[in-house]
Amino acid sequence: MLSERLRRPFVLAASLAFYATWGIPFVVVPLFVSVLVFVLGRWMAAEPGKATRWMWIGISCLLTLLAFFKYRDFVLVNVNTLIAWMAAQPITFAKSVALPVGISFYTFEAIGYLIDIRQGRVRPTTFMDLCLFFLFWPNVMSGPIVRARELVPQLKFRLKFEPRFAFEGLDRLVWGLVQKNAVANLLGIWVNKGFSLKVIGAPSTIDGWFLAIAFGLQIYFDFAGYSNMAIGAARLLGVTLPENFRQPYHAVSPPDFWSRWHMTLSRWIRDYLFFPINAKWMGAPVPLYLSLLGVMTLVGLWHGAGWGFILWGLMHGAYLVVYRVYESAKIAHSAIGNSRIVSGCWRFLTLVGITVAWVPFRAPSLHKASGILSSMFARFSLGTAYSSTFYVFTVVVMLFCAVEPFIVRKLTEIEERTGENGASMFRIFGRPIAYTCGLLLFMLFDENNTQFIYSQF
Amino acid sequence: MLPDSDTIRNAAREAAAQIAGRPIKDDQRLVSSGLIDSLSILRLISLLEKKLKVSIPPTMLQPEDFDDLDLIVETIERVAKAAD
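Counting restarts for each chain, with residues numbered from 1 along the sequence as it is written. In the order they appear in the text, chains get letters beginning with A and ligands get numbers beginning with 1. Local features in a predicted model are, by the rule used here, given only for residues with pLDDT of at least 70; side-chain atom pairs are given and counted only at 80 or more, and totals for whole chains, interfaces and linings are based on all residues.

A. How the structure looks around the overall build of chain B. Broken down by element type, chain B carries 3 helices and 0 strands. Counted from the first residue to the last, chain B has its helices and strands arranged as α-α-α. Projected onto the principal axes, the alpha-carbon positions of chain B cover approximately 35 × 25 × 20 Å. Note on burial: count the other C-beta atoms lying within 10 Å of the residue's C-beta; 20 or more is buried, 12 or fewer is exposed, in between is partly exposed, and C-beta positions come from the backbone. Taken across its 84 residues, chain B has 33% of its residues classed as buried. Across chain B, every contact between residues at least 6 apart in sequence was considered, and the portion connecting residues at least 24 apart equals 60%. Helix and strand definitions here come from DSSP, where helices need a minimum of 4 consecutive H or I residues and strands a minimum of 2 consecutive E residues; each element is numbered from the N-terminal end. Residues are defined as contacting one another if the C-beta atoms placed from their backbone atoms lie within 7 Å.

B. Focus on the environment of Phe 136 of chain A. Residue and element names in this part refer to chain A. Its place among the elements puts Phe 136 in the loop between helix H6 (127-135) and helix H7 (148-151). Separated by 52 residues in the primary sequence, Phe 136 and Ala 84 have C-alpha atoms spaced 45 Å apart. Not counting residues up to four positions away in its chain, the partners in contact with Phe 136 are Ser 15, Leu 151 and Leu 155.

C. Representation of the confidence of the model for chain B. All names here are of chain B. Values of pLDDT, which run from 0 to 100, indicate the predictor's confidence residue by residue. Residues of chain B with pLDDT of at least 70 account for 98%, and the chain-wide mean is 87. Highest mean pLDDT in chain B belongs to helix H1 (residues 5-20) (90); lowest belongs to helix H3 (residues 69-83) (85). The complex model carries a pTM of 0.88, and its ipTM stands at 0.84.

D. Structural detail: unusual backbone geometry. All names here are of chain A. The linkage connecting Gly 143 with the following residue, Pro 144, adopts the cis geometry, with an omega of 5°. With a phi close to 50°, Phe 157 is a non-glycine residue in the positive phi region. Relative to the assigned elements, Phe 157 resides in the loop between H7 and helix H8 (163-195). Looking at Phe 157, the number of C-beta atoms within 10 Å reads 19, which means it is partly exposed. One non-glycine residue with positive phi stands out, namely His 262, at about 40°. Here His 262 lies in the loop between helix H10 (254-258) and helix H11 (263-281).

E. Structural context of the interface of chain B and chain A. If you look at the interface, chain B gives 12 residues, while chain A gives 14 residues. Its residues placed into classes, the side of chain B that touches chain A shows 5 nonpolar, 5 polar and 2 charged. Residues are sorted three ways: Asp, Glu, Lys and Arg are charged, Ala, Val, Leu, Ile, Met, Phe, Trp, Tyr, Cys and Pro are nonpolar, and all the rest, Gly among them, are polar.

F. Representation of the environment of Gly 430 of chain A in the model. Along the chain, the position of Gly 430 of chain A falls in helix H17 (residues 425-444). Given 15 C-beta atoms within a 10 Å radius, Gly 430 of chain A is considered partly exposed.

G. Structural context of the nonpolar core. All names here are of chain A. In these notes, a nonpolar core means any group of buried Ala, Val, Leu, Ile, Met, Phe, Trp, Tyr and Cys residues linked to one another through C-beta atoms within 7 Å. Judged by nonpolar contacts, the single largest core of 122 residues is most densely connected at Ala 110, Leu 187 and Ala 214. Per-element tally for this core: the top contributor is helix H9 (residues 205-236), with 19 residues. All domain edges in this entry derive from an automatic or database-based domain assignment. For this core, the domains that each give at least three residues are domain 1 (4-156) and domain 2 (163-457). Dropping the residues within four chain positions of it, Leu 187 is found in contact with Ala 214, Leu 217, Gln 218 and Val 397.

H. Up close: the packing of H9 of chain A against helix H15 (residues 366-377) of chain A. All names here are of chain A. As a packed pair, H9 and H15 sit with axes 7 Å apart at the nearest point and diverge in direction by 120°. Considering how the two elements wind past one another, H9 and H15 form a crossing that is left-handed. Of the residues in H15, those touching H9 at Thr 205, Gly 208, Trp 209, Leu 211 and Ala 212 are Ile 372, Ser 375 and Met 376. In terms of residue class, the contact of H9 with H15 is made up of 5 nonpolar, 3 polar and no charged. A fitted line through C-alpha atoms represents every axis, and for helices the fit uses only the stretch in contact; the resulting angles, taken between N-to-C directions, go from 0 to 180 degrees. Left-handed describes a crossing whose near helix is turned anticlockwise from the far helix through less than a right angle; right-handed describes the clockwise counterpart.

I. Just the confidence of the model for chain A, in detail. Of all residues in chain A, 91% have pLDDT values of 70 or greater, and the mean over the chain is 88. For chain A, per-element mean pLDDT is lowest for H17 of chain A, which scores 71, and highest for helix H2 (residues 28-46) of chain A, which scores 96.

J. A look at the domain arrangement of chain A. All names here are of chain A. As far as domains go, chain A holds domain 1 (4-156) and domain 2 (163-457). For domain 1 and domain 2, the distance between their C-alpha centres works out to 26 Å. If you look at the interface, domain 1 gives 21 residues, while domain 2 gives 22 residues. Put simply, the parts of the chain that give the side of domain 1 that touches domain 2 at least two residues each are helix H4 (72-85) and helix H5 (103-118). With 5 residues, H5 is the single largest residue contributor to the side of domain 1 that touches domain 2. Among the residues making up the side of domain 1 that touches domain 2, the classes are represented as 12 nonpolar, 6 polar and 3 charged.

This is the structure we're talking about:
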């Protein structure tokens, strides 16, 4: 094991090397973010009177950087469409620029860091700490989005290695690999086919619903799988990253879904965007509804530069507004009450709403999305175009999601019963068997499809 | 003048219980447990301002500052100190 003094340079070098595997020039981008945020943080601390100004300059620079890499082509294509419609000369622009991996994630972490300094929650840290914070290899690609105050102190790597780090880390790592390879990738084969532009004509009603459900499951297992791998890899180094998922398809309402899905993004949006906006208006209804729609549209745009993502965000914003109106009515008229039927209806509507919203999110064009949505709701037909394996597998994964909380509870109980360091049948035999089965499943379904959906965001 | 810590704690307990619709224990997590959402915190701030007759500007705050009674007391004392 390395001495404490060498751990940080070693992890930073490993993180830089990991990032450079996507292209050596890309390393410049997170390093530039580190330099910018380091300098501004120091200036904010040195001149508290000008801290707000430096914070806004920093946020503007970071958003400009993100916009240049992520939204430039989208904006120019749409401007040119508008210009062509007005019969004017289109704007010519250079070849599109590749998106540096994880830019949406570390840009948000950097903005959070500047706001935290402004609010006096963190003190400016060293340049090396910041480089490690933005580039820490387990979560640089797709999060979880962390706060400086929860990660930077852990990146001193002062903890001595303990066997539980290995158990906890490997548990998450192996489970993440299974989620990604054995579930997400397999579902992806049918989902990619169903949403492909090459498929002419709309699917049947059954296929439309199955495709939407299958994509909802694919993206959950893909992203939760990645998050588990990131949390597990960090745990092997003794670092605890925040959780990103908590059985999201068990949500009882739209706000509940956002407290279970991509939890670290929801937390960021709540702390740095939604709360300050609504604090200004003290939660007055109209600004609240507008902010819900606006913030969720931004969440959609954060996922990618496309109208499908914007529509997805708007749909979720609308769900949140409708639920908020219902809650206000419930407070005003106690007769509405908390009956089981009403709660059950909300649970069902939430699940349906989430599933429907995945269609524009995944579809390659709004035209394709509208074709699938019209099959789901308007043009009813009962044909099936895929092998029975697709339908059976999708139902099996749905059933797994339904019993997931029960499985997690049982495993936690077993873990608690065995104690932290006590030897037990579970620890001696259970884990090696589970890891072997997991790795076999991983290898069985390994088709070199290592692309994670969220790494594109 | 800011009331003492016990008065702030009692006011916070009453206000949080009013919003959550149930009694609040000393170490109970309010925000991270989902008992109180970010909008309810604005109501909590408004209630505390009335009860304690202090001004709590929410723009420098985050929901986690209200995660339990200890944190609420700390937050109000910090905000009052900054305003002096």
